[in-house]
Each structure stands twice: as structure tokens, then as C-alpha cells.
Amino acid sequence: MSLLQRLQKILAARGICSRRKAEEMITAGRVSVNGAVANLGDSADPETDEIRLDGDLLPTASDYVYILLHKPRGFVTTASDEKGRPNVIQLVDVPQRVYPVGRLDMDSEGLLIFTNDGEFANLLMHPKHEVNKTYRVLVDGFSEENLEKLKQPITLDGYTIRKPEVKCLWADGKKAKFLVTIHEGRNRQVRRMCELAGMTVTRLRRVAEGSLQLGDLPLGQWRYLTEEELARLK
């Protein structure tokens, strides 16, 4: 039975790019199906048709990889950067074309997942799945009052976030370290939450995403996820 899908959906599911970017690739004549250059709006059977991008076959499920990187500060979480800044892709040396799942801003560090499996990436990023993320956060401007503010739901970009889980690990005067777990992934969410609570983040490290733990992976290093880790995330 033929299971035809739009080409842009197939490219996105194989971890090549977003659907919008895939449409641009198809329009540019970079995609072919069974040897013929594809047109925007074309469909194909991802199981039986030979689909190529720039002459290379798309990755299949057996080619999928899942990687954990301990991102250092000073790297942007993009495949490329118009300003020429260092990007996290440079830190992951694998033959497959992988991309980061979600983002960590340039000044943040910690757990970052890479894959070329578009469906898996969507599973982790889609709001309905609510994959929790946990951060170790150093702040300036600490007070008990500000800590209580941080523990409350607030509104960001017109969206009221769920109540975060906040544990104070230590406090010394105006400086403190928290363990913060959030249930969304809005842009620079933890930094903005702290700012609205009257505190400034001086260091931020993501230490867990869902069941996956950063552990003792050295800064700037990466490893493949184990089958057990992958099964728990899925």
C-alpha cells in the first residue's frame, strides 16, 4: 500500500531541516525522486521511493543518531550564524548531518541533544509533551522575597507559565545558587524569570531534560545516547 507524503514533510521527518526550509530546497531544484527533479507540492512514498537531496540519499531510520553534548558558553545554538560566531555544530564530529534539539543561548551551558531524527526532535520540543528541563542557576540580587517571586507562575510573551520547581542550594548575601525545573521552553525563559523576580543570572547550566541527565560529561564533550536513555525519552 502506497503511503504518499509531501516531500517537505519527509525531509523534515528525516531531520534535514524545517518544512519551510525544505520547500525552499525543493523550489531550488535540489530534491529528486526516483531520478527526477521534484517540484513544490510533489509527494512520495518514504518507504519505497528513492529521495535525494543534492544527489545524496536521505537518511533512513537505521542512519539516525542521538547525541548528548555538554555545551560550553560562547557558542550559538544554530547550524550557521550570519555573524560568524562559533556554533555548536562545530563541537559534534559525526558523519551524519545532525542539528540541535531546542536551544541554549550563547551565554548558557549544559545539556544539549542533537539528532537527525525529525520525529524524535518534535517529540521533545512540542509543547503538548511538556518535557521538563532542569537548570543550575547562579544569581545576584538574592533575597527571600525574590526567591518567593521566582517560585510563582508568571507571564512571558502573553503566555502564563506553569509554576516552576525551585530549590535553593545555597545563599550567601546577595548571591545564591538554585536548581530550577521548568515545564516549557520559551526563549531565555529562566533568565527572564529571574529578572522579573529581581535577580540577575550570572551563570546557567542545563543539567537535565526529561529523564536524561548531563552527569559528569566534560564541558565541550559529546557522547551517543544509550538505548536505555533513548527508550526513556521516547
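Residues numbered from 1 in each chain as written. Predicted model: local features only at pLDDT ≥ 70, side-chain atom pairs only at ≥ 80, totals over all residues. Heavy atoms only, no water.

1. Topic: the overall build of the protein
Along the protein, the regular secondary structure elements total 6 helices and 17 strands. In terms of principal-axis extent, the alpha carbons of the protein reach across some 70 × 40 × 35 Å. Counting all 234 residues of the protein, 44% fall into the buried class. Sequence separation of 24 or more characterises 64% of the internal contacts of the protein that already satisfy a separation of 6 or more. Carbon and sulfur atoms make up 47% of the accessible area of the protein, which amounts to about 12700 Å² in all. Separation between the mean location of the 35 positive side-chain charges and that of the 33 negative ones in the protein comes to 5 Å. (Helix = DSSP H or I, 4+ residues; strand = E, 2+ residues; numbered from the N terminus. Buried < 20%, exposed > 50% of the residue type's maximum accessible area, 1.4 Å probe, protein only. Contact = heavy atoms within 4.5 Å. Areas by Shrake-Rupley, 256 points an atom, 1.4 Å probe, with all protein chains shown as cover. Lys, Arg positive; Asp, Glu negative; His and termini not counted. Charge placed at Lys NZ, Arg CZ, Asp CG, Glu CD.)

2. Quick look at the pattern of salt bridges
By the definition in use, this model includes 15 salt bridges. Of the charged contacts, one joins Lys149 and Glu145 as a salt bridge, the two residues approaching to 4.0 Å between their closest N and O atoms. Highlighted residues: Lys149 and Glu145, both in helix H4 (residues 144–150), separated by 4 residues, approximately one helical turn. A salt bridge links Glu228 to Arg232, with the nearest nitrogen and oxygen atoms 2.9 Å apart. Note that Glu228 and Arg232 are positioned in helix H6 (residues 227–233) at a spacing of 4 residues, about one turn of the helix. Looking at Glu228, the relative accessible area reads 54%, which means it is exposed. (Salt bridge = Lys/Arg side-chain N within 4 Å of Asp/Glu carboxyl O.)

3. With respect to the nonpolar core
One finds Leu150 and Phe178 to be the most contacted residues of the largest nonpolar core, which totals 22 residues. Of all elements in the fold, only strand S10 (133–140), H4, strand S14 (175–182), helix H5 (189–196) and strand S15 (200–209) reach the threshold of two or more residues within this core. Broken down by element, this core gets its largest block of residues, 4 residues, from S14. Ranked by size, the runner-up nonpolar core spans 16 residues in total, among them Tyr64, Leu68, Phe120 and Leu217. (Core = buried A, V, L, I, M, F, W, Y, C linked by side-chain atoms within 4.5 Å.)

4. Thoughts on the environment of Asp42
Within the fold, Asp42 resides in the loop between strand S3 (36–37) and strand S4 (43–44). In this structure the C-alpha to C-alpha distance between Asp42 and Arg192, which are 150 residues apart in sequence, comes to 43 Å. When residues no more than four places from it in sequence are discounted, the contact partners of Asp42 are Gln5, Arg6 and Leu7. Reaching out from Asp42, the side chain makes a polar contact with the backbone nitrogen of Asn39 at a distance of 2.8 Å. (Polar contact = N/O pair within 3.5 Å; in protein donor to acceptor, adjacent residues only side chain to side chain.)

5. Quick word on the side chain of Asn146
Following the sequence through the fold, Asn146 ends up in helix H4. We classify Asn146 as buried; its relative accessible area is 11%. Within the structure, Asn146 has its side chain in polar contact with the backbone oxygen of Gly141 (distance 2.9 Å). Dropping the residues within four chain positions of it, Asn146 is found in contact with Gly141, Ala197, Gly198 and Met199.

6. A look at helix H3 (residues 118–125)
Where H3 is concerned, the buried positions are Gly118, Phe120, Ala121 and Leu124. Looking straight down H3, one finds its buried side chains confined to an arc of 160°; they lie on one side. A side-chain oxygen of the first residue of H3 lies 3.2 Å from the backbone nitrogen of Glu119; this N-cap is Asp117. (Arc of directions from axis to C-beta.)

7. Here's the deal with the confidence of the model for the protein
Per-residue pLDDT for the protein averages 90, and the proportion of residues at 70 or more is 95%. The secondary structure element of the protein with the lowest average pLDDT is H3, at 84, and the one with the highest is S10, at 98. (pLDDT = per-residue confidence, 0-100.)

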